[in-house]
Amino acid sequence: MLINEIDDYIEKMSKNLSFKTSNAFEVSKKFKLKRNTASHYLNLLVHSKRLLKISTRPVIFIGREWFLNNGGNGELDGFQSLRDLHDFMKKNQKKDPFSEIIGHDASLYQILEQLRAAAMYPGKGLPTILTGETGSGKSYLAKKFYEYCEEKSLVSSDAPFISFNCAQYADNPELLTSSLFGYKKGAFTGAEEDHVGIFEQAQNGVLFLDEVQRLSAHGQEKLFTYLDDSVVYRVGEATHPRQLNVRLLFATTESLGSSFLKTFIRRIPVQIKVPSIYERTLSEKKELIWSFFMAESKIVNREFKIYPELIDELVKVRYKDNIGGMKSKIKKIVAMSIIHDNGDLLLKPEQSKKISFHKNQEELQIITPQTTLPDIISQKGSNDNALNRMISLITNSISAGGETMDFGELASNCYNAVNDFNDYLVFKHAQSDMPINYYSTEINRIIDFFRDDYNMKLDGNTGIVIGYYLYFKKHLNWQIKNESIPVINTINQRLIENLGLSDHVLNSFINSITENTGVVLDESDKLFILGNLLEKHVKQNNITTHGLILAHGYATASSIANVVNRLLKNNIFDAIDMPINSDTKEMAEKIEYYFRNDEHRKDTLVFIDMGSPADIVRKLEMKLGFTVGLIDNVSTLMVVDAGEKMTHGISLEQIVKKIPDHCIQSGKMLYQKNKKDLIITTCLTDIGTAKQIQKLLIESLPQSMLSNLSVKSFEYDALIDSDQRVYTFWYW
């Protein structure tokens, strides 16, 4: 039935988070219905509790099955806005046990992705070995792996989790074997009854074998049978295999090339290196410290007042046993504070003699047995952050210049502040193994759509910095000062008006980011995005030539252009980031499209990274009203050199000639073609009338005038449409 097909469509859109296409208009197009008929069906599905309604304009519908599977409430029928839906889902979604781990979205991100993959592999999952220093958290990860399997119903809620330390039996291989696999009564002296081994005890659950490097070569070989065939033999039962379903995790403090048989390691497909505490990020170290203080507060059932200097001191300590050493250190601090207890447990740094402790109570961190890590993070995600520093740079300059500040000066202030902030994000705050690539990939996909359909001046470089921005704003909990909001709104409005960008387009762009990344954006985020659109509006010096860079890759060209423009303090170069597999024909098409839509109309120096300039010249079909130089083998140094020459008024031809031979393979000049003057004839109702006027003019004008003049007739609509008009004027 049609109503079921509509239900399936909305469910599919919900699973893809494509809420913008889940409305009556889109349904009417999809199923070729009248809009009111589509609306009728959708409302029937809401009344029958198969869909939910979001009261936006237009009204959005979401699938109830998707909603319930993602922690939704069966009693609800809808929401007032997408923001309300997002807030509800965030509050009620099922917790992934791995997401509770400190560093799950930073230094441990790739590790947890591998553990998820090992767990989800069909059957009994994939055997996995964790390597890392003592105290780095291998046992903790193993426990979380079990919880993840339980949460995902890969094991039952009463399935066993057994941790077995092989080091305890390293000197007695026979005892180790019988402990792992069990034995049959009478198998050896003292075997007075059948004994179930660790493997059988872990049936349908998870077995964690710690310190597995303590297994001898013979002991490792005894595991081959289970790794290969999922069977074990009790000692004394060589002909009675026992089929088991046990998920295996191993852990070792040694490298995989030291104590292990190659044949053993070959049978363990997932091999994970757990980072030491010194490889963890600064924010992770602080969160670990807070979590241990919270645990101690629960144990002693007391409130702690902690000096911020103590946290700074603990971050710098070199812990012999990694996270385990940090935990022991904090336990000792608490114990010593209890000894000297005089009412309040006031936790000070050991170097207290060097610090003045005349502090306000507000400066101390209060931890109670009820405190949670999100509580602390929300407090620490204060107004003292890089985002506020960027905003202050902008708002302070506006305050100094007054509301009548020239837009060029406003654009320059915003652009410079945002660029400095971008450097901070990418270079000073960058950390490895973070899911920033996910954000940047999503943003670049959104940018491609809005650049093509809405002519937003965004490039791959912008996609990267917005990706970094989203990550740090979300995970460092950046908040803006309330007093900044009114001036931010004012600045945003001025920027939107002068950029020629509609509120609708900008809001659509922002909503797309929220829908695809889950990060809800506010006015400060809008200012950051607008600041990255300002490059074309920063004042230029009087330069008679312009530059364009084409290079393959997400942000290769835009990165070079950004660096050179900032070094020269002038917006000289534009950039086009080309897909990896694009050829010279596509490059020529991009150049031609750029020239048709570019307002500068200046002599232009084009740099390309590969392909023959001569081939591109041959493929350029347009008639140019200015001169173009093409140079291959682009590099940042080459572009800087050319840009400096442009600022000194050196001609395009001289710039191309002066580039050293060892820098380029070839260069090509494409000179301006003198165009005839043009008279256009048109008619609002009929091209035929325009042609008659054209004919009349040609017959009436003297031949001497027509040698430098063209008379052309065009349909009125072609002149009204901006794209067709540009095309028309370029070709005639």
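Residues numbered from 1 in each chain as written. Predicted model: local features only at pLDDT ≥ 70, side-chain atom pairs only at ≥ 80, totals over all residues. Heavy atoms only, no water.

A word on the sheet that holds strand E2 (residues 60-63). Strand order across the open sheet formed by 3 strands is E2-E1-E3, with mixed pairing between neighbours. Of all the strands in the sheet, the pair left with one neighbour each is E2 and strand E3 (78-79). As judged from the 4 bridges shared by strand E1 (residues 51-54) and E2, these two strands associate in the antiparallel manner. Bridge pairing links lysine 53 to phenylalanine 61 in E2. Along the sheet, helix H1 (residues 2-15) contacts E1 and E2; its crossing angle with E2, the most-contacted strand, is approximately 90°. The strands that helix H3 (residues 35-47) touches are E1 and E2; relative to E1, the one it contacts most, it runs at about 115°. (Pairing = 2+ DSSP bridges. Helix = DSSP H or I, 4+ residues; strand = E, 2+ residues; numbered from the N terminus. Contact = heavy atoms within 4.5 Å. Axes fitted to C-alpha atoms, helices over the stretch in contact; angles between N-to-C directions.)

A few words now on the sheet that holds strand E4 (residues 128-131). Strand order in the open sheet formed by 5 strands is E5-E8-E11-E4-E12, and the pairing between neighbours is parallel. With one partner strand each, in any of the chains shown, strand E5 (161-165) and strand E12 (270-273) form the two edges of the open sheet. Here the strands of the sheet are splayed against their neighbours by 15° on average, with no regard to which way each runs. The sheet contact formed by E5 and strand E8 (residues 206-210) spans 5 bridges and is parallel. Its bridge partner lying in E8, phenylalanine 164 is registered against leucine 209. Along the sheet, helix H6 (residues 109-120) makes contact with E4, strand E11 (247-252) and E12, crossing E12 at roughly 155°. Sheet strands touched by helix H7 (residues 138-151): E4, E5, E8 and E11. Its angle to E8, the strand with the most contacts, is close to 170°.

What follows concerns the side chain of histidine 552. For histidine 552, the position within the fold is in strand E16 (residues 545-552). In this structure the side chain of histidine 552 is engaged in a polar contact, spanning 3.1 Å, whose partner is the backbone oxygen of serine 582. The residues contacting histidine 552, other than those within four sequence positions of it, are Met578, Pro579, Ile580, Ser582, Met587, Asp609 and Met610. (Polar contact = N/O pair within 3.5 Å; in protein donor to acceptor, adjacent residues only side chain to side chain.)

Turning next to the packing of aromatic side chains. Centre distance and the angle of the planes are the two values used to describe a pair of aromatic rings. If you walk through the whole model with that rule in mind, you get 17 aromatic pairs. Their ring planes at 5° and their centres at 5.2 Å tell us that phenylalanine 164 and tyrosine 169 sit as a pair that is stacked. Using a relative accessible area of 6% as the deciding quantity, one classes phenylalanine 164 as buried. Pairing tyrosine 469 with phenylalanine 528 gives two aromatic rings, centres 4.1 Å apart and planes at 10°, and the pair type is stacked. Of this pair, tyrosine 469 sits in helix H20 (residues 460-475) while phenylalanine 528 sits in helix H23 (residues 523-531), and the two are 59 residues apart along the sequence. Here the two residues tyrosine 469 and phenylalanine 528 agree in accessibility, since each one is buried. It is arginine 267 that lies over the ring of phenylalanine 224; its NZ or CZ is 3.9 Å from the centre. Over the ring of tyrosine 278 we find arginine 318; its NZ or CZ atom is 3.8 Å from the centre of that ring. (Phe/Tyr/Trp six-rings, centres within 6.5 Å; stacked < 30°, edge-to-face > 60°. Buried < 20%, exposed > 50% of the residue type's maximum accessible area, 1.4 Å probe, protein only. Lys NZ or Arg CZ within 6 Å of the ring centre and 35° of its normal.)

Turning next to unusual backbone geometry. With a phi angle near 60°, serine 230 is a residue other than glycine that sits in the positive phi range. With respect to the helices, strands and loops of the structure, serine 230 is situated in the loop between helix H11 (224-229) and strand E9 (231-232). Since its relative accessible area comes to 11%, serine 230 is described here as buried. In this model, asparagine 322 sits at a positive phi of 60°, which is unusual for a non-glycine residue. Mapping asparagine 322 onto the fold places it in helix H15 (residues 322-339).

Turning next to helix H22 (residues 503-517). With 15 residues, H22 should cover 21 Å at 1.5 Å per step; its first-to-last C-alpha distance of 21 Å lies within 8% of that length. By the burial criterion, the buried members of H22 are Val505, Leu506, Ser508, Phe509, Ile510, Ser512, Ile513, Thr514, Glu515 and Thr517. (Expected span 1.5 Å × (residues − 1).)

A few words on the pairing of strand E19 (residues 628-631). The two faces of E19 match: Val628 and Leu630 on one face and Gly629 and Ile631 on the other face are all buried. Judged from the 4 bridges that link them, strand E18 (residues 603-608) and E19 form a sheet pairing that is parallel. The residue of E19 that forms the bridge with phenylalanine 607 is isoleucine 631.

By themselves, these are just geometric observations and shouldn't be taken as functional.
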